[in-house]
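Structural overview
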Amino acid sequence: MLQQKLKYLPFIIGTLFIIGCRQAKYVGEGDYLHKKNEINFVTISPDGDTVKSDEQEGIYASEMYDLVKPVPNKKFKLFIYNRIDTAKYTEQLANKKHKTQKKNDHRIEKEKKINDRRIAKARKKGKEYYRQKEIELKEQKNGWRDWVLVHMGQNPVMYDSALVSKSTKQLEIYVHKRGYFDATVTDTVTFKEKKRKAFVEYTVYLGEPYRIDTFYIDPMADGNVIGEYRKFCEADKSVIEIGALIDEDVLDLERDNFSRYGRDQGAFFGFNKSYITYEVDTLGGGHSARVVMHIAPKLVEHPYYPDSLVPIEYGAYTVRNVTFYLHNPDTLSFKYGFDFFKKRCDQYNLNYVIDNQYVLLDTFVNIDTIHFRKGDPKIINKGVFIYNDVPFLEPDLIDKNNFLYIPHFAKEEYLERSYRALLQLDVFSTITPIVEVDPKDPLGRGVNVTYHLTPAKRQTFVLEPKVVNSNSIVGIMGQVSYNHKNLFRGAQKLKVSFIGGFEAQPLIVSRDGVEEKSFSLNTFQWGPSIQLSFPKLVPMTKKFYQNSSKRAFPTTKFDLTVNFEKRTEFKRRLAHFSYEWNFKVSGDEGKKDEYAIRWINFDFVRLEKTDEFKLKLAELNDPFLLNSYADHFTLYNGISYKKDSQKPNQDNKFIRINTFNAIQSGGLLGASNIGSNSLSDDGLKQIFGVPFTQFIRIDNQYLLLWKINKKHKLAARFLAGVGFAYGNSPSLPYEQSFYSGGSNDIRAFPARSMAPGSIRTYEDTTRTTTQIGDMRLQINLEYRFYITDMLEGALFVDMGNIWKIKDDTTTMDDDLGIFKFNTFWKQVAIGPGIGIRADFDFLIVRLDIAFALHNPYLPAGEKWFGTPYDTYFSNWDFNGNGKIDGGDTDGSDPDKPNLVKAGDESYYPYFAPHALRFNIGIGYPF
């Protein structure tokens, strides 16, 4: 039957190809489909002949193509557009519009009738106002054809001679800006009448470029500016190079960098690139030029003659005053009630609303006394706070996140850092900073800093139903939470939540000798959680907090979670508590390094295993697994850091993110000899009636993202981790072990199915289907490319595996799972594949297709894709023609040979060692 269907495949493909080639299907008479733009560079040889050449110095064809208009259709988008019948599409839009308008007319009529009744009722009662009814109008939905055209298709791009002429001029301007002042550009159009297509070729005659022979700043410029530019060059910030092309973009970048440098260093307040101009002198002959940087004098408004400007020297400005306005967002935000506030306004003869904001009546000056070892104490004014009733945020906390303090230099870098720090507190709906010259001394060197702060909503209730898909584990989860953003007026955050849901977890062991790969929701879990965080180090003193660095951004987090989980194999009860310090150390250009100290963490786990699961573990007699699925108490602490090269609010071409985690468990308990008098049946020390764990675990992740251009990216990830159990633990606990496989891991293998090293799990009928190990090494490479505005493609390869680091000698091939430096590289799984991502704005849905190019679990000589699998299938009987492909695994298809294990009449699932694996995920895999 399948062969009969396949015989039509060439005809179908040929038909689609012919139809797809009709790209000018909807091009009208007299118009041409703009098919292609081509840019060629031409140089003049010594003999006077024109010679086509490749890209020239400083000229980038990709940038030039961006200037050319119109841009031809993407083949895929045009193909999709041509598949839509425009007549039916127009008819569909008209029908949708008519139906929507009819429904809205009915709603408008209904709204009017209700309001007429309410007006009549109000008048009858002698009331002046009534509660108006507003019925929301129905939004027009244009149907599936419109969705396809908008998100996947594109109207045919027509040839436009005016746009081509304009593009020719734009290209000429571009090459002139790159230093090719003598260059010219021409265009040639070729029409194909029969196919209704137009091809445009742009020819660029470059000539010899002009180069920088001499570069210096005007010696007549302001002396302070000359001195600061000298520092700028000594700090290696300048991008100007002698002998380089006279590139306008490079010169403009120099203006940006120097003006920003002056503002960030506090040398010049309000200095911007408009003060900087260049003089390019090419009269010296040849193709070299002298470039002079000119600095315009600084002019400010005359204090007594507003229509006049007076020149002043460039120089540093200092902060004289800092004022924080803490605004009320609504009538409910007043501490003592809105009526009390209005009475106070009446006492001062004030309107309680000015410029759409409630007037502020209370003032507090925040001061601090700093004692020096020598000399008198110094009184520092840390800011003036203006508010109503009680400040909604502690003044000390606001001051701690303000970097423009008295009497510091007015650096723009500090203003941006203050904004980011205040935003990070996550308690404001709006933050508006203003820095201006002190109006009392307009010709002086002082500035006033003002912050207008409006609080965000403090309390929220959130219901979050969601479908999860992580590492091929599908689930339906839900969370109800209460959130408080500013619990004690110190940006303390409280979150009380209840989480519950179902997941399709892979089985840990096979059932009844059959390997099940079920996608049924076989795991149920639920439990409450309480999280509390402080924007400081608890329990450190207030003095310690005030004297600590402002750049550390410390937070303290407490987390208490209770979780109940019911799986096919067991029921688990987990209690988790953590107490940790976090730091986000501010660096240059807004970058932050994140550090965490996990002081106290504990997990208390009790398992109620099914009889079948107990029997299976007993049959395996593997101490590694027996300990992994046993009751335990884990008391651990550790450190972590995350280094991110991303710069906020900038186009990061290259991003590096390094994350490191290290924890240790049971060191203190082991040293104190706790539990020696309470031993388990296995001779392990116990606390609270369960054995406690002892291990060290280190895990590191390194991410790289290179944005080649707007449409092409290269991403890479390196994972390395190892855990070592000792003392009271034969192995790592299950939740601390490493696993591999799945949609966010090595995508050619099912989630958690990769066995340590090259252990041949298919030979063991009592094996576990969930595989764990003590060690992980992995590399992921992914090339991402643009398809449409909605779709993105990917080519990827995943490499890695997990290993054990101790041999428990319980299985005949257990040694194959041990990590050894001289053999581990032979045990690396390799899985290439392709993928597609659909961007729906609010989420990214991903489909990846991968296959095992190298499967380390197969016998020698059969690990690579395309090699025969004679040894692997030596124990299989096909009860028919002996073909490997098409084997029937459950007897449902009588036309296929039954695939059963020799000597066993029960059906055994067909295991394809290099089969295609489909992975569906949410978001990028890394």
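Residues numbered from 1 in each chain as written. Predicted model: local features only at pLDDT ≥ 70, side-chain atom pairs only at ≥ 80, totals over all residues. Heavy atoms only, no water.

1. Considerations on the overall build of the protein
Applicable threshold: Only DSSP runs of H or I reaching four residues or more are called helices, and only runs of E reaching two or more are called strands; each is numbered from the N terminus. Whether a residue is buried, partly exposed or exposed follows from its accessible area with a 1.4 Å probe, protein chains only, as a fraction of its type maximum: under 20%, in between, or over 50%, in that order. In this description, contact between two residues means that some pair of their heavy atoms is separated by no more than 4.5 Å.
Scanning the protein for helices and strands turns up 16 helices and 36 strands. When each of the 926 residues of the protein is scored for burial, the buried share is 42%. Pairs at least 24 apart in sequence give 66% of the contacts found in the protein among residues at least 6 apart.

2. Focus on helix α12 (residues 412–424)
Put simply, the rule reads: Any helix carries an expected span of 1.5 Å times its number of residues minus one.
Counted at 1.5 Å a residue, the expected span for α12 with its 13 residues is 18 Å, and the 18 Å between its end C-alpha atoms agrees. Turning to α12, its buried residues number three or more, namely E413, Y414, R417, S418, R420, A421 and L422. Looking one or two places after α12, you find D426, whose phi comes out positive at around 60°.

3. Looking at the sheet that holds strand β6 (residues 276–281)
The line we're drawing: For two strands to be treated as a pair, DSSP must find at least two bridges joining them. Inter-axis angles, ranging from 0 to 180 degrees, are taken between N-to-C directions of lines fitted to C-alpha atoms, where helices are fitted over the stretch in contact.
The sheet built from three strands is open, its strands ordered β5-β7-β6 with mixed pairing. The open sheet terminates on both sides in strands that have one partner only, identified here as β5 (211–217) and β6. Taken pair by pair, the neighbouring strands of this sheet meet at an average axis angle of 25°, ignoring direction. The pairing of β6 with strand β7 (residues 288–295) spans six bridges and is antiparallel. Residue pairing in the sheet places E279 in a bridge with V292 of β7. Along the sheet, helix α8 (residues 223–234) makes contact with β5 and β7, crossing β5 at roughly 125°. Where helix α9 (residues 248–264) meets the sheet, it contacts β5, β6 and β7, and its direction lies at approximately 150° from that of β6.

4. Side note on the confidence of the model for the protein
As a reminder of what qualifies: Confidence scores labelled pLDDT are given residue by residue by the predictor and lie between 0 and 100.
When pLDDT is averaged across the protein, the result is 82; 84% of the residues are at 70 or more. Mean pLDDT per element in the protein: strand β35 (residues 900–901) is the minimum at 38, and strand β30 (residues 775–786) is the maximum at 94. Residue range residues 1–9 is modelled with pLDDT below 50. Its contacts to residues more than four positions away, or to other chains, number zero contacts. Here residues 15–20 is modelled with pLDDT under 50, and outside its nearest four sequence neighbours on either side it reaches four contacts, counting other chains as well.

5. Focus: the nonpolar core
We apply this condition: Buried Ala, Val, Leu, Ile, Met, Phe, Trp, Tyr and Cys residues that are joined via side-chain atoms within 4.5 Å together make up what is termed a nonpolar core.
Formed by 33 residues in total, the largest nonpolar core has its most connected members in L393, F428 and L453. Once residues lying within four places of it in the same chain are set aside, the contact partners of F428 are F392, L393, L422, L453, T454, P455 and A456. Of all hydrophobic cores here, the second largest spans 24 residues; its members include I217, F232, Y261 and I295.

6. Comments concerning the packing of α8 against α9
For clarity, the threshold we go by: Roughly parallel covers angles under 35 degrees, roughly antiparallel covers those over 145, roughly perpendicular covers 65 to 115, and oblique covers all other angles. Any residue outside Ala, Val, Leu, Ile, Met, Phe, Trp, Tyr, Cys, Pro, Asp, Glu, Lys and Arg is labelled polar, Gly included; the first ten of those are nonpolar and the last four are charged.
Relative to each other, α8 and α9 sit at 105°, their axes nearing to 10 Å. Between α8 and α9, the angle falls in the class roughly perpendicular. Taken together, the residues of α9 that come into contact with α8 (itself represented by V225, E228, Y229, K231 and F232) are E254, N257, F258 and Y261. Among the residues making up the contact of α8 with α9, the classes are represented as five nonpolar, one polar and three charged.

7. Brief notes about the packing of aromatic side chains
This is how it is decided: Two rings belonging to Phe, Tyr or Trp (six-membered ring only in the last case) form a pair when the distance between their centres is within 6.5 Å. Interplanar angles under 30 degrees mark stacking, angles over 60 mark edge-to-face geometry, and anything in between is tilted. Only when the NZ of Lys or the CZ of Arg is both within 6 Å of the ring centre and within 35 degrees of the ring normal is a charge said to sit over the ring.
On inspection of all chains with the given rule, the structure shows 49 aromatic pairs. Between F334 and Y358, the aromatic rings sit 5.4 Å apart at their centres with planes inclined by 85°, giving edge-to-face as the arrangement. On the criterion of sequence distance, the pair formed by F334 in the loop between β10 (318–326) and α10 (338–347) and Y358 in strand β12 (residues 357–358) is long-range, its members being 24 residues apart. The exposure classification of F334 matches that of Y358, with both residues buried. Here the aromatic residues Y229, F232, F258, Y261, F268, F271, Y275 and Y314 are joined through ring pairs into a cluster of three or more. When the ring centre of Y174 is taken as origin, the NZ or CZ atom of R178, which lies over that ring, is 4.7 Å away. When the ring centre of Y32 is taken as reference, the NZ or CZ atom of R196 above it lies at 4.6 Å.

8. Considering the pairing of strand β3 (residues 184–192)
Note: β3 against strand β4 (residues 197–205), nine bridges, orientation antiparallel. Paired with F191 across the strands is A198, a residue of β4. What sits between the antiparallel neighbours β3 and β4 is a turn of four residues, in which R196 has the positive phi angle 55°.

9. What to know about the pairing of strand β32 (residues 829–839)
Working note: regular strand, side chains alternate between the two faces of the sheet. With eight of eleven residues buried, β32 lies mostly within the body of the structure. Where strand β31 (residues 791–803) and β32 come together, ten bridges link them in antiparallel fashion. Across the sheet, residue L795 finds its bridge partner in β32, namely I834. Relative to strand β33 (residues 844–850), β32 runs antiparallel, the two being bridged by seven bridges.

10. Some points on the packing of α9 against α12
Two numbers describe how α9 lies on α12: the axes approach to 6 Å, and their chain directions differ by 75°. As the angle between them shows, α9 and α12 are arranged roughly perpendicular. In contact with R260, R263 and D264 of α9, α12 contributes E412, E413 and E416. Residues of the contact of α9 with α12, tallied by class, amount to no nonpolar, no polar and six charged.

11. Comments concerning unusual backbone geometry
Negative phi is the rule for most residues except glycine; trans is the rule for most peptide bonds. Going from K69 to P70, the amide bond is cis rather than trans, its omega being -5°. Cis peptide bonds are those with omega within 30 degrees of zero, and the linkage from V538 to P539 qualifies with 15°. Phi at N349 is positive, roughly 55°, even though this residue is not glycine. Along the chain, the position of N349 falls in the loop between α10 and β11 (353–354). Phi is positive for D426, which is not a glycine, with a value near 60°.

12. A short note on α9
Selection criterion: Here a polar contact is recorded for every N or O atom pair within 3.5 Å, except that within protein the pair must consist of a potential hydrogen donor and a potential acceptor, and residues adjacent in sequence are included only if both atoms are side-chain atoms.
Between the first and last C-alpha of α9 there are 24 Å, a value that for 17 residues agrees with the 24 Å anticipated at 1.5 Å per step. Every buried residue of α9 is accounted for by L251, E254, R255, F258, S259, Y261, G262, R263 and D264. You can read the cap of α9 off the contacts: a side-chain oxygen lies 2.9 Å from the backbone nitrogen of D249, and it is on D247. Downstream of α9 by one or two residues, G266 has phi in the positive range, about 80°.

13. Side note on a nonpolar patch on the surface
As a reminder, the rule being used: Patches in this entry comprise residues that are over 30% relatively accessible and not in a salt bridge; like charges within 9 Å are linked, as are nonpolar side chains (Val, Leu, Ile, Met, Phe, Trp, Tyr) within 5 Å. The protein chains shown are the only cover counted for residues, whose accessible areas, like all others here, come from Shrake-Rupley with a 1.4 Å probe. The term salt bridge refers to a pairing of a side-chain nitrogen on Lys or Arg with a carboxyl oxygen on Asp or Glu at a separation within 4 Å.
There is a patch of nonpolar side chains on the surface, built from I476, F498, F502, L521, F524 and W526 and spanning about 530 Å² of accessible area. Its location among the elements puts L521 in the loop between β19 (493–503) and β20 (523–534).

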